[in-house]
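Geometric and topological summary
Each chain, written out:
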Amino acid sequence: MGRLWRVLFPKGYSFLRPEAVALFVALWELGAWCSPAWPSLLRQVLPILWGDFQDPQFMQALAGSARRMLIGYSLVMLVGVGGGIILGRLPLVDQLLGSFAVAVHAIPGAAWVPLSVMWFGMTEQAVIFTIILGAAGIVIVETDTGIREVPPLIQRAARTMGARGVNYFWLVVVPAAIPKIVGGLRLAWAFGWRALMAGELLTSVNGLGQRLNQVAKAQRLDQLLALMLLIAAVGILVDGLLFKRLEHEVRVRWGLV
Amino acid sequence: MQVQLEHVSKSFRHNGRPLEVLHDVSLTVEDGEFVCLLGPSGCGKSTIINLIAGLDRADTGQITVGGTPVTGPDPSRVVVFQEAALFPWLSVLGNVEFGLRVAGVPAVKRRARALEYLKLVHLSKFVHAYPHQLSGGMKQRVAIARALVLQPAILLLDEPFAALDAQTRAVLQNELLEIWQLARPTILFVTHNVREATGLADRVYVISSRPGCIRDARAIEVPRPRHAEDPLLQAHQHKILGILGEEVEKVFREELGETVHYPEAQHDAPSDHAKGMHI
């Protein structure tokens with residue numbers, strides 16, 4: 001228990017504070033006490049969520065969302081880091097295509113859904129495609145920047161020790177870009193998660209997003225809030241426990257803090 | 001290996017106008033010699049290091065190392081910078097192994113050699129530490145080990161101890177001398193500290209500022225270990241300070257007159273005049 005506490009409320013970097021969680025619960029319950037239409041978090045919403053986890057259909061939807069996010073995010077990493085490295089390495093390609101990456105990044109994930117559906121139909125592929133277009137742009141941009149902005153002193157030190165060509169690129173440029181890449185990947189997680197929900201909401205693929213639609217149509221505010229709470233919790237936990245921690249450790253080691 | 005600069009000039013573009021940082025500099029560093037370049041901030045001494053390292057090109061004149069013209073960077077001419085410039089993503093060991101790794105030395109061999117040089121700079125206990133965990137002096141030790149492990153014929157040091165406190169600086173100066181006497185690389189050491197230059201070098205070149213040119217070259221024929229109170233050493237220091245006094249005045253006049261800003265003119269000299277006769 002003490003260990004779980006330390007994981008959820010770490011000291012080294014700012015993530016969750018127990019006071020913040022307590023305040024959130026208190027405000028929610030205050031709202032529920034004031035308005036009969038607002039369901040109680042502790043007595044209604046959390047038990048519903050608990051019940052959902054016992055429901056095989058719900059778990060199937062959750063697993064579906066997780067699978068799409070996993071596939072989509074893996075492809076985002078591949079396309080984003082790979083594309084960013086290519087752009088960073090080839091100035092001409094960067095000048096021609098660099099602004100495309102920024103443009104793609106400027107379009108919200110949800111806005112890609114109609115196009116994805118036109119191309120892939122109401123399928124899982126359409127959702128994954130939405131995730132990639134919603135999240136890969138920022139990884140490309142950040143990786144590209146990191147590759148091109150190796151600190152001059154590091155460049156000179158490496159060159160005087162004889163590093164050049166492929167060696168120089170993989171042993172110096174890419175590691176020097178890691179903080180930027182990790183920062184991009186962290187943002188991409190948030191963008192991808194949103195794109196996943198938008199994709200699932202607008203296609204009829206079995207997942208959390210689609211369930212949002214169903215419970216809203218059934219006028220079940222308590223179930224809707226339970227789902228939204230889960231979506232928020234997954235977002236904040238993955239960001240806090242994985243990406244923020246990774247980013248923090250990288251920044252410490254790279255001497256940026 | 002002998003280093004020779006013949007009539008070297010170098011300008012940078014600054015605000016669209018050319019700015020001469022070196023004017024007709026000729027100097028020679030003999031094989032195995034310890035030479036200091038001494039001059040005020042912004043006098044182009046770092047530029048001389050960069051030219052010899054092959055990181056920069058001279059506009060006119062020739063730079064030869066062992067009789068061969070310098071065309072680019074080479075691990076036989078390694079630079080130790082004022083900020084250690086360690087790779088933060090590599091451990092101390094990884095940093096020292098870097099040059100060997102680039103040169104394609106097999107893992108086991110390069111590890112053994114890196115450990116040997118880390119022992120030389122008294123860092124055996126910190127082999128697995130990362131740069132962010134080290135003090136300034138330790139970082140500079142790693143930088144020196146990282147350079148020495150390549151067994152360079154020429155070691156170029158660009159104000160390597162300027163950012164350190166006086167005690168650490170003294171310790172590292174002695175260690176550098178010990179290492180030099182052991183392996184006898186040719187050393188070119190840039191500093192703006194008169195006591196440091198006269199305490200370390202076989203010969204001192206005094207560089208004037210803006211554009212940099214050789215104002216004075218003198219052999220410091222004082223046997224090592226040297227003591228600060230040595231009258232001959234003090235005589236040298238006085239003469240150099242006299243020459244530099246004019247130079248520093250020139251710098252001040254120019255700065256107060258707000259004529260031009262020089263890219264190299266960093267006001268990074270710690271204000272401990274009493275400790276080391278900074279200029």
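Our focus in this paragraph is the overall build of chain A. A tally of regular secondary structure across chain A gives 11 helices and zero strands. Of the regular secondary structure in chain A, the N- to C-terminal order runs α-α-α-α-α-α-α-α-α-α-α. When its C-alpha atoms are laid out on the principal axes, chain A stretches across 70 × 50 × 30 Å. In chain A, buried positions account for 34% of the 257 residues. Of all intrachain contacts in chain A linking residues separated by at least 6 positions in sequence, the fraction that spans at least 24 positions is 73%.

With that out of the way, let us pick up the overall build of chain B. Helix and strand counts for chain B stand at eight helices and 10 strands. The buried share of chain B, taken over its 279 residues, is 45%.

The interface of chain A with chain B comprises 17 residues on the first partner and 21 residues on the second. Mapped onto the side of chain A that touches chain B, the elements with two or more residues apiece are α8 (152-160), α9 (165-202) and α11 (221-253) of chain A. Broken down by element, the side of chain A that touches chain B gets its largest block of residues, six residues, from α8 of chain A. Its residues placed into classes, the side of chain A that touches chain B shows 10 nonpolar, four polar and three charged.

Residues and elements named next belong to chain B. Summing up the model confidence of chain B, the mean pLDDT is 86 and the portion of residues at 70 or higher is 90%. The spread of mean pLDDT over the elements of chain B runs between helix α8 (residues 273-276), the lowest at 44, and helix α2 (residues 92-102), the highest at 95. Scored below 50 in pLDDT, residues 258-275 shows 23 contacts in the model against residues more than four places distant or in partner chains. Both confidence scores are given for the complex: pTM 0.84, ipTM 0.83.

Residues and elements named next belong to chain B. Domain boundaries in chain B define domain 1 (3-76 + 154-276) and domain 2 (86-151). The C-alpha centroid of domain 2 is placed 26 Å from the C-alpha centroid of domain 1. Across the boundary between the two partners, domain 1 contributes 10 residues, which contact 10 residues of domain 2. If you tally residues by element for the side of domain 1 that touches domain 2, the top one is helix α5 (residues 166-183), at four residues. Tallied by class, the residues present in the side of domain 1 that touches domain 2 amount to eight nonpolar, one polar and one charged.

So, about the sheet that holds strand β2 (residues 17-29) of chain B. Residue and element names in this part refer to chain B. If you walk across this open sheet you meet the four strands as β2-β1-β4-β5, and the pairing is antiparallel. Each edge of the open sheet is held by one strand with a lone partner, namely β2 and β5 (68-69). Pairing of strand β1 (residues 3-14) with strand β4 (residues 60-65), which is carried by five bridges, proceeds in the antiparallel orientation. When the sheet's bridge partners are listed, S9 is paired in β4 with T60.

Let us look at the sheet that holds strand β9 (residues 203-207) of chain B. Residue and element names in this part refer to chain B. The strand order across the open sheet formed by six strands is β6-β7-β8-β3-β9-β10, and the pairing between neighbours is mixed. Strands with a single pairing partner mark the edges of an open sheet, and in this sheet they are β6 (77-80) and β10 (214-219). Strand-to-strand twist across the sheet, computed as the mean angle between neighbouring axes with direction ignored, equals 15 degrees. One ladder, built from four bridges, connects strand β3 (residues 34-38) with β9; its direction is parallel. Looking at β9, one finds that L37 is bridged to Y205.

Right, let's talk about the domain arrangement of chain A for a bit. Residues and elements named next belong to chain A. Its domain assignment divides chain A into domain 1 (1-41) and domain 2 (56-253). The centre of domain 1, based on its C-alpha atoms, is set 28 Å off from the matching centre of domain 2. Each partner contributes to the interface: domain 1 provides six residues, whereas domain 2 provides eight residues. In terms of residue class, the side of domain 1 that touches domain 2 is made up of five nonpolar, one polar and no charged.

What follows concerns helix α4 (residues 136-148) of chain B. All names here are of chain B. When the terminal C-alpha atoms of α4 are compared, their 18 Å separation across 13 residues agrees well with the 18 Å that a helix rising 1.5 Å per residue should span. For α4, the tally of buried residues reaches 10 of 13 residues, placing the bulk of the element in the interior. Every buried residue of α4 is listed here: K139, Q140, R141, V142, A143, I144, A145, R146, A147 and L148. The elements touched by buried residues of α4 are β6, α2, α3 (107-120), β7 (154-158) and α5.

With respect to the helices and strands, the residue A103 of chain B is situated in the loop between α2 and α3. On a C-alpha basis, the gap between A103 of chain B and A85 of chain B in space is 19 Å, while along the polypeptide they are 18 residues apart. Excluding anything up to four places from it in sequence, A103 of chain B contacts G162 of chain A together with P75 of chain B.

As a further point, take the packing of helix α7 (residues 124-148) of chain A against α9 of chain A. The axes of two packed helices give the description: the angle between them and the distance between them. Residue and element names in this part refer to chain A. Following both chains from N to C, one finds α7 and α9 inclined at 160 degrees, their axes separated by 7 Å at the closest point. By the criterion of interaxial angle, the relationship of α7 to α9 is roughly antiparallel. The chirality of how α7 crosses α9 is right-handed. When grouped by side-chain class, the residues that make up the contact of α7 with α9 number 18 nonpolar, nine polar and four charged.

Counting through the fold element by element, A103 of chain A comes out in helix α5 (residues 91-106). On a C-alpha basis, the gap between A103 of chain A and T203 of chain A in space is 24 Å, while along the polypeptide they are 100 residues apart.

Phi is mostly negative for residues that are not glycine, and the peptide bonds are mostly trans. A cis amide bond, omega 0 degrees, links R224 of chain B with the succeeding residue P225 of chain B. Along the chain, P225 of chain B falls in the loop between β10 and α7 (231-256). Unusually for a residue other than glycine, Q219 of chain A sits at a positive phi of about 60 degrees. Looking at the secondary structure, you find Q219 of chain A in the loop between α10 (208-217) and α11. Q219 of chain A sits in the exposed class, given 8 other C-beta atoms within 10 Å. If you check the backbone angles, D24 of chain B has positive phi at about 50 degrees while not being a glycine. A tally of 16 C-beta atoms within 10 Å means that D24 of chain B is categorised as partly exposed.

About the criteria used
- Residues numbered from 1 in each chain as written.
- Chains lettered and ligands numbered in written order.
- Predicted model: local features only at pLDDT ≥ 70, side-chain atom pairs only at ≥ 80, totals over all residues.
- Helix = DSSP H or I, 4+ residues; strand = E, 2+ residues; numbered from the N terminus.
- Buried ≥ 20, exposed ≤ 12 C-beta atoms within 10 Å, placed from the backbone.
- Contact = placed C-beta atoms within 7 Å.
- Nonpolar A, V, L, I, M, F, W, Y, C, P; charged D, E, K, R; others polar.
- pLDDT = per-residue confidence, 0-100.
- Domains from an automatic or database assignment.
- Pairing = 2+ DSSP bridges.
- Axes fitted to C-alpha atoms, helices over the stretch in contact; angles between N-to-C directions.
- Expected span 1.5 Å × (residues − 1).
- Parallel < 35°, antiparallel > 145°, perpendicular 65-115°, else oblique.
- Left-handed = near helix turned anticlockwise from the far one by under 90°.

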